[in-house]
Amino acid sequence: MALVTIIDEQNNKYTFKRYNGYPFNIETIGNVGDQLDKIAHRNIREDDVLVCVFPKSGTHWLYNTVMMLRSRSLKYHGTPTMMEFQEFNKIEEMESPRTFGSHLRFRFLPEQMKLGKGKVVTIVRNPKDLVVSFYHMLQKLGDVGYDGTFEGFLKVFVSEECFMGNGSWFSWINDMENWNGANSLCLSYNDFKQNTFENVVKLAKFLEVDQDEDFLRSVTESIQFDNLKKSHTLATPADDRWSGICDDGRLPIYRKGQTGEWKKMFTVAQSEEFDKLFKEKVAQFGLKIDVSFD
């Protein structure tokens, strides 16, 4: 499949795969179409859980919380198997109950999940914080689709050419809000950070996991950012799947995990322009999401 490369007037370089008008990360398997077809028609088990999150919004945080609750242990489980980035046998060979991940827009998720089979969990983060986090991550990786300044990356992020969400963050959120399935749960990154135990309880109830308060408080402690970051460094083995884009085959997932970090990166002009665009897009899509993140 031919890659699309865009070089803007500031010489920022942006590369992605395009399929049916949608942009996809260059790490998406094959010609995209075949992989999407496999995803759409995959067999979903009743006890499957999909962690579907816009990149850098708390994917690993949520995934490891889900895994601790479902496995009834405090073991760190590393990086989820992502449907669009890895061959299907990795998921098909999993023993039940299976938990796997995706960054795809909800419209590309398995048809059986759209009909209510299995469960979908997601988490939403302030887009200003996540775009800063994503940009810093890209600086640590090889050629994964963008080479340029933060200013240039910000322009890509708010456009429908944004490969991170097969379109802009606003389009991704619109898909998520239109899912309307009783089999889905959406959490807030800021609220999860401020009220972690309450969110762990909420997640446990949604997953129908029966645990006593002591265990849930132990999970709450285990998923604190510094603990997860340390575990990722010490316990995550190198993965051949990512050896071509990071030195040790271990994705640089954890940076700071803070809220409000965007204030150190955005200029006043960038922040004001983003806020204006945010309000326009919320109105355009009719999004229900809270416009205030801080």
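Remember, predicted model here, so these are calculated numbers, not experimental data.

A. Representation of the side chain of threonine 81 in the model. Secondary-structure assignment places threonine 81 in the loop between α2 (59–71) and α3 (89–92). For threonine 81, the contacting residues outside a window of four places in its chain are Gln86, Lys90, Ile91, Met94, Phe100 and Gly101.

B. Fine view of the nonpolar core. Membership of the largest hydrophobic core comes to 52 residues, with the highest contact counts inside it found for Phe157 and Trp169. Contributing elements (two or more residues each) for this core: β2 (13–19), α1 (33–40), β4 (49–52), β6 (119–124), α5 (127–140), α6 (150–157), α7 (169–177) and α12 (268–285). In terms of residues, this core owes the most to one element, α5, which gives six residues. Counting residues in each nonpolar core, the second largest holds 29 residues, with Leu69, Leu187, Val209 and Val219 among its members.

C. Inspection of the packing of aromatic side chains at higher detail. In the structure shown here, the tally under the stated rule is 22 aromatic pairs. Plain terms: the ring middles of phenylalanine 24 and phenylalanine 108 are 5.6 Å apart, the flat faces sit at 50 degrees to each other, and that makes the pair tilted. Of this pair, phenylalanine 24 sits in strand β3 (residues 22–24) while phenylalanine 108 sits in the loop between β5 (99–102) and α4 (111–114), placing them 84 residues apart in sequence. Taken individually, phenylalanine 24 and phenylalanine 108 each receive the classification buried, so the pair is uniform in this respect.

D. Up close: the packing of α2 against helix α9 (residues 196–206). Taken N-terminus to C-terminus, the directions of α2 and α9 make an angle of 60 degrees; their axes are 10 Å apart at the nearest point. As judged from the angle between their axes, α2 and α9 are oblique. The hand of the α2/α9 crossing is right-handed. Contacts from Leu62, Thr65, Val66 and Leu69 of α2 reach α9 at Val200, Leu203 and Ala204. Partitioned by chemical class, the residues of the contact of α2 with α9 number six nonpolar, one polar and no charged.

E. Inspection of α2 at higher detail. For α2, built from 13 residues, the straight-helix expectation of 18 Å at 1.5 Å per residue is met to within 8% by its first-to-last C-alpha distance of 18 Å. Along α2, the residues that are buried comprise Thr59, His60, Trp61, Leu62, Tyr63, Asn64, Thr65, Val66, Met67, Met68, Leu69 and Arg70. Phi turns positive one or two residues past the end of α2, at arginine 72, with a value near 60 degrees.

F. Structural detail: the side chain of arginine 105. The residue arginine 105 is located in the loop between β5 and α4 in this model. Non-local contacts of arginine 105, meaning those with residues more than four positions away in its chain, are made with Tyr22, Gly165, Asn166, Gly167, Ser171, Trp172 and Asp175.

G. Focus on unusual backbone geometry. Looking along the chain, the bond that leaves serine 96 and enters proline 97 is cis, with omega of 0 degrees. Among the secondary structure elements, proline 97 is positioned in the loop between α3 and β5. Notably, lysine 56 is not glycine yet its phi reads approximately 65 degrees, a positive angle. Relative to the assigned elements, lysine 56 resides in the loop between β4 and α2. Phi is positive for asparagine 166, close to 50 degrees, though the residue is something other than glycine.

H. Focus on the pairing of β6. Counting buried positions along β6 gives six out of six residues, so the element sits mostly inside the fold. The alternating pattern of β6 places Lys119, Val121 and Ile123 on one face and Val120, Thr122 and Val124 on the opposite face, and all of these are buried. Sheet topology places β4 next to β6; three bridges connect them, and they run parallel. Across the sheet, the residue bridging to valine 51 is valine 121, located in β6. Two elements, β6 and strand β8 (residues 184–188), share five bridges in a ladder whose sense is parallel.

I. Spotlight on α6. For α6, the tally of buried residues reaches six of eight residues, placing the bulk of the element in the interior. Taken together, the buried positions of α6 are occupied by Phe150, Gly152, Phe153, Leu154, Val156 and Phe157.

Calculation notes
Residues numbered from 1 in each chain as written. Predicted model: local features only at pLDDT ≥ 70, side-chain atom pairs only at ≥ 80, totals over all residues. Heavy atoms only, no water. Helix = DSSP H or I, 4+ residues; strand = E, 2+ residues; numbered from the N terminus. Contact = heavy atoms within 4.5 Å. Core = buried A, V, L, I, M, F, W, Y, C linked by side-chain atoms within 4.5 Å. Buried < 20%, exposed > 50% of the residue type's maximum accessible area, 1.4 Å probe, protein only. Phe/Tyr/Trp six-rings, centres within 6.5 Å; stacked < 30°, edge-to-face > 60°. Axes fitted to C-alpha atoms, helices over the stretch in contact; angles between N-to-C directions. Parallel < 35°, antiparallel > 145°, perpendicular 65-115°, else oblique. Left-handed = near helix turned anticlockwise from the far one by under 90°. Nonpolar A, V, L, I, M, F, W, Y, C, P; charged D, E, K, R; others polar. Expected span 1.5 Å × (residues − 1). Pairing = 2+ DSSP bridges.

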